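# Close look at the chain arrangement
This is what each chain is made of:
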Amino acid sequence: MREFGRNVIEVRRVSPLRMLLRQFSNFLIGILLVATAISAVLGEVVDAIAIGIIVVVMGVMGFAQEYKAERIMETLRQFAIPKSKVLRSGRIVEVDSAEVVPGDVVILREGDLVPADGRLVEAEDLEVDESPLTGESTPVEKSPDVVLPPETPVSDRVNMVFRGTMVVRGRGKAVVTATGMSTELGKIARAVSEVKEERTPLERELDRFGKRIGVVILVIAGIVFATSVFEGYLDILESFMTAVALAVAAIPEGLPAIATAVLAIGAHRMAEKNALVRRLAAVEALGSVDVICSDKTGTITKGEMAVKVVKLLNSTYEVREHLKGGRVDLVLVGGEKADDTLKKLLKFLVVHTAPDVEVKHQNEKIAARGPPTEVAAAVLAHRILGREGVDTAFKELELVDINPFDRFRKRKSTVHSYGNSYLVIVSGAPEVLLKNSTKMSLCGGEVPLTEELYARTMREIDELASAGYRTLGVAYRVLTEYTEDSNPEDIERDLTFLGVLGIIDPPREGVREAIEAARRAGIKVVMVTGDHKLTATAVARMVGIDVDRGLVVEGRELDSMSDEELVKIVDRVSVFARVTPEHKARIVRALKRRGYRVAMTGDGVNDAPALKMADVGVAMGIKGTDVAKEVSQLVLLDDNFVTIVEAIREGRTIFENLKKPINYLLTCNFGEVTALFGSQLLFLPPPLKPIHLLWVNVTTDALPAIALGLEPAEPDIMSRPPRSPNEGFITKRKMAYYLVMGSIVGGLTLAIYWRFLGVSYELAQTLAFTALVTSEFGRAIVSRSENTPIWRIPWNKWIVPALLGSLVLQLIVLYTPLSSVFKVVPIPTHLWLYLATIPPIIVLVDETRKLLRLKI
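Read on for a plain summary of the structure. None of these values were measured; they are calculated from a predicted model.

Below, the discussion takes up the overall build of the protein chain. When its secondary structure is counted, the protein chain shows 31 helices and 27 strands. Expressed as a percentage of its 856 residues, the buried residues of the protein chain come to 54%. Taking as baseline every contact in the protein chain between residues at least 6 positions apart, the subset at least 24 positions apart corresponds to 71%. For the protein chain, the exposed area adds up to about 37200 Å²; of that, 58% sits on carbon and sulfur atoms.

What follows concerns helix α17 (residues 533-543). Along α17, the positions that sit buried rather than exposed are T535, A536, T537, A538, V539, A540 and V543. In this fold, the buried residues of α17 make contact with α10 (296-300), β21 (495-504), α16 (511-520), β22 (524-528), β23 (551-554) and β24 (573-577). G544, located one to two residues past α17, shows a positive phi value of around 90°.

In terms of residue burial, strand β26 (residues 616-620) counts as a mostly covered element, since 5 of its 5 residues are buried. Of the two faces of β26, the one holding V616, V618 and M620 and the one holding G617 and A619 are both buried throughout. In terms of strand pairing, strand β25 (residues 598-602) meets β26 through 4 bridges, oriented parallel. From the neighbouring strand, T601 faces β26, where its bridge partner is V618. Here β26 pairs with strand β27 (residues 634-636) via 3 bridges, running parallel. Residue pairing across strands places A619 opposite V635, the latter belonging to β27.

Take the sheet that holds β24 next. Taken in spatial order, the 8 strands line up as β8-β27-β26-β25-β9-β22-β24-β23 in an open sheet, and their pairing is mixed. Among the strands making up the open sheet, the edge pair consists of β8 (275-277) and β23. Neighbouring strand axes in the sheet, compared pairwise and without regard to direction, differ in orientation by 20° on average. Sitting on the sheet, helix α23 (residues 641-681) touches β8, β9 (291-294), β22, β25 and β27, and the angle it makes with β9 is about 160°.

Below, the discussion takes up the environment of R407. Residue placement: R407 occurs in the loop between β15 (399-406) and β16 (411-418). Among the residues examined, R407 registers a relative accessible area of 40% and is labelled partly exposed. C-alpha separation for the pair R407 and D125, spaced 282 residues apart in sequence, amounts to 8.6 Å. Every residue in contact with R407, bar those within four places of it in the chain, is listed here: E141 and S143.

A separate point is the packing of aromatic side chains. Counted under the stated rule, the structure contains 7 aromatic pairs. A ring pair is formed by F348 and Y476, whose centres lie 5.5 Å apart and whose planes are at 70°; its orientation type is edge-to-face. With F348 in helix α11 (residues 339-353) and Y476 in strand β20 (residues 470-479), the pair connects residues that are 128 residues apart, well separated along the chain. Just as F348 is buried, Y476 falls in that class too.

We now examine the pattern of salt bridges. Counted by the stated rule, this structure contains 42 salt bridges. Across the pair D295 and K584 runs a salt bridge, and its minimum N-O distance is 2.7 Å. Note that D295 is positioned in the loop between β9 and α10 and K584 in helix α20 (residues 581-593), a separation of 289 residues in sequence. Like D295, the residue K584 is buried in the burial classification. With its nearest N and O atoms 2.8 Å apart, the salt bridge here joins K296 to D531. Of the two residues, K296 sits in helix α10 while D531 sits in the loop between β22 and α17, which places them 235 residues apart along the sequence. A relative accessible area of 13% means that D531 is categorised as buried. Through salt bridges with shared partners, a single ionic network connects E656, K659, K660, E714, D716, R720, K734 and E786.

Right, let's get into the environment of N669. Looking at the secondary structure, you find N669 in helix α23. For N669, a relative accessible area of 3% translates into the label buried. Between the C-alpha atoms of N669 and L693, which are 24 residues apart in sequence, the distance is 8.8 Å.

Positive phi is not limited to glycine here, since D125 has a value of about 50°. Summarising the element assignment, D125 is placed in strand β4 (residues 117-129). For D125, a relative accessible area of 33% puts it in the partly exposed group. A positive phi angle, close to 55°, is found at R578, a residue other than glycine. Within the secondary structure layout, R578 lies in the loop between β24 and α20.

We now examine the side chain of Q765. With respect to the helices and strands, Q765 occurs in helix α27 (residues 761-782). Using a relative accessible area of 2% as the deciding quantity, one classes Q765 as buried. The residues contacting Q765, other than those within four sequence positions of it, are P686, P687, L688, K689, H692, Y753 and K823.

Conventions used here
Residues numbered from 1 in each chain as written. Predicted model: local features only at pLDDT ≥ 70, side-chain atom pairs only at ≥ 80, totals over all residues. Heavy atoms only, no water. Helix = DSSP H or I, 4+ residues; strand = E, 2+ residues; numbered from the N terminus. Buried < 20%, exposed > 50% of the residue type's maximum accessible area, 1.4 Å probe, protein only. Contact = heavy atoms within 4.5 Å. Areas by Shrake-Rupley, 256 points an atom, 1.4 Å probe, with all protein chains shown as cover. Pairing = 2+ DSSP bridges. Axes fitted to C-alpha atoms, helices over the stretch in contact; angles between N-to-C directions. Phe/Tyr/Trp six-rings, centres within 6.5 Å; stacked < 30°, edge-to-face > 60°. Salt bridge = Lys/Arg side-chain N within 4 Å of Asp/Glu carboxyl O.

Right, dumping it as structure tokens:
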């Protein structure tokens, strides 16, 4: 251990300090920090402290969400620490996998996770699932007798086992040759750190937004400065300080904190739907994707093989599963009824699979462990026959001997006592069993296997295979005598062919509907799988991926294409089959070059570069490796494709809910600027003090803005096309909208200020201050949707409490000792009628715009 170190994969993780500092890295936060410094220099200590608090709160909120996600990931890692059996000093001992060292002899059994790279010294029917390492979904048969040159690719090293892979059949022993970062898995993990992590769309948007608003603020400040100097009633220094103060007031100080709050709430909602957000900005990023590249196995499908078709002579049955209760039925869909033959087949499958499949009945559910194909057959038989039928089968057909499956015979046989005789049950490649058969089972009896029946049965087998099914044939033979010395070749001939099972990894419930919802939303779903082309195409058809009009491209075709050729055809491909994780990275790169925003799913170590390169990397929480999870922005805790589409719906809602506070706050800020700038043009004293502006921006604005961030999804949220990558929070049309509505808000504020300026400057200033607050009530109501009238969208239960909260805060300032701090006076009751007219005017103007379909 001291010489080689612990057998762990060292994944570079973000430190808490770096995670915290990352929250303050966008341009808008930079403006706020500058605003804090300027406020302090101008002597506005209260302003500086208030802005500083907002910045800190925003940073802490973002940090808290990301740190919480990291803790959840750490908990998942702790639960996943495996044990290994090793041979030390002639004894088999169980140790933590992290304590395995080179030179240890590892004992491998079916279901074991391989703890380190090793050279096989013994193997018996050993098959290993190497998909986490190579992306190849088909288990690899291993042999210790093969000697290979050192340059042999990892995927072809059949005499080796590798860390992170799983034994799916057989047993073996291996001498450990490499541990930790020296393993093939470790080498890939080290290489992953060299791939640059993509910034999320939201991070790019907020940065661009901050720069644009910064330019606007500087322009406004410059105009105010020039106007003040030109009018001559302020000297240059006073004019400069006035311009700076106005610029500070124009910054929407509460926006970053509100945006962070909206994202954090969205992340919490997504976690409740099994989508763990590892980076807060990725909440929105999923809502902007227009291509989802999804794995097939375990994401679109259940990740477990199941029998879907049973073909007997002259009969075809389909397996129909009931969503409630887990019950299944075999439904005759072609030919004549053959219940006796079907019952015989199921009874034979129960006893035949028992030596290799461990089946447990858990209430109404059945759990099984063993080779995937046999598990599928066993589960079907147990579910149809029930416990009573299974018990009867074991009593009638007691196991005598077994001849294990091997790749040369392509079959397995079991021998059972059968009254005074012996029953041989054989399963395997149906074409091999058919060649060894002389009869076929029909309606409980037997008929000779003629050339016509042979040809017809072969056609049916080929049809199943071409439809993407894995096929398993079942046959039997009755012997009058049997000894343990009997040759398998002798007892596995002159068989009676019973039937063929069509086995496939079936789609998850709800996937077809989710893909249809994605299509309506303008999102293309592309299946990217290591499975065979026929299987991938069959599953794609089952879930509604259009493979008839789209291309199906195999990995070997990708190998023969240049990057330029791939870019030309990539948006016409519906299924990529037999691909490796290296191909995934090329696919992502090609799609991004065509201007798409890509979400890529992955679970293996080799998937990490593609996950990191995608706009949104989505890792699997159950079967995903630590390396894949670390580089992703989103982790699916249930490995379910449906969760991705739900996350997209949430992401789109969140983006809309980010725009609503921005529209609300910027219009209000433009209203403040209009009031101040207008008073200068009219040679009036300033209608608002800096503390008034800060109070409005940070306090009374904040509650309605947060409520707007909690708006329910608009009815057509998943009927709209994905937003353009070039669409920002601020467009020219929106800027014009902010100017017009801001001018209305500022104009109404100035009108009330001018009306009462002759009565009392303090009263006029108090009315202007409160007019801004009440105008924002109207702005909050109309900002609930950009272009849909408010009576056509779902009601937001938070909006009224938020407006009442803002009103209460303003009343506290007006009618408590705080009035002296804000330099305001109590407003007489009858003057509130003037203030009450402002919100309806704003609502009337903006809702009329929506009815006229003047979109922003």
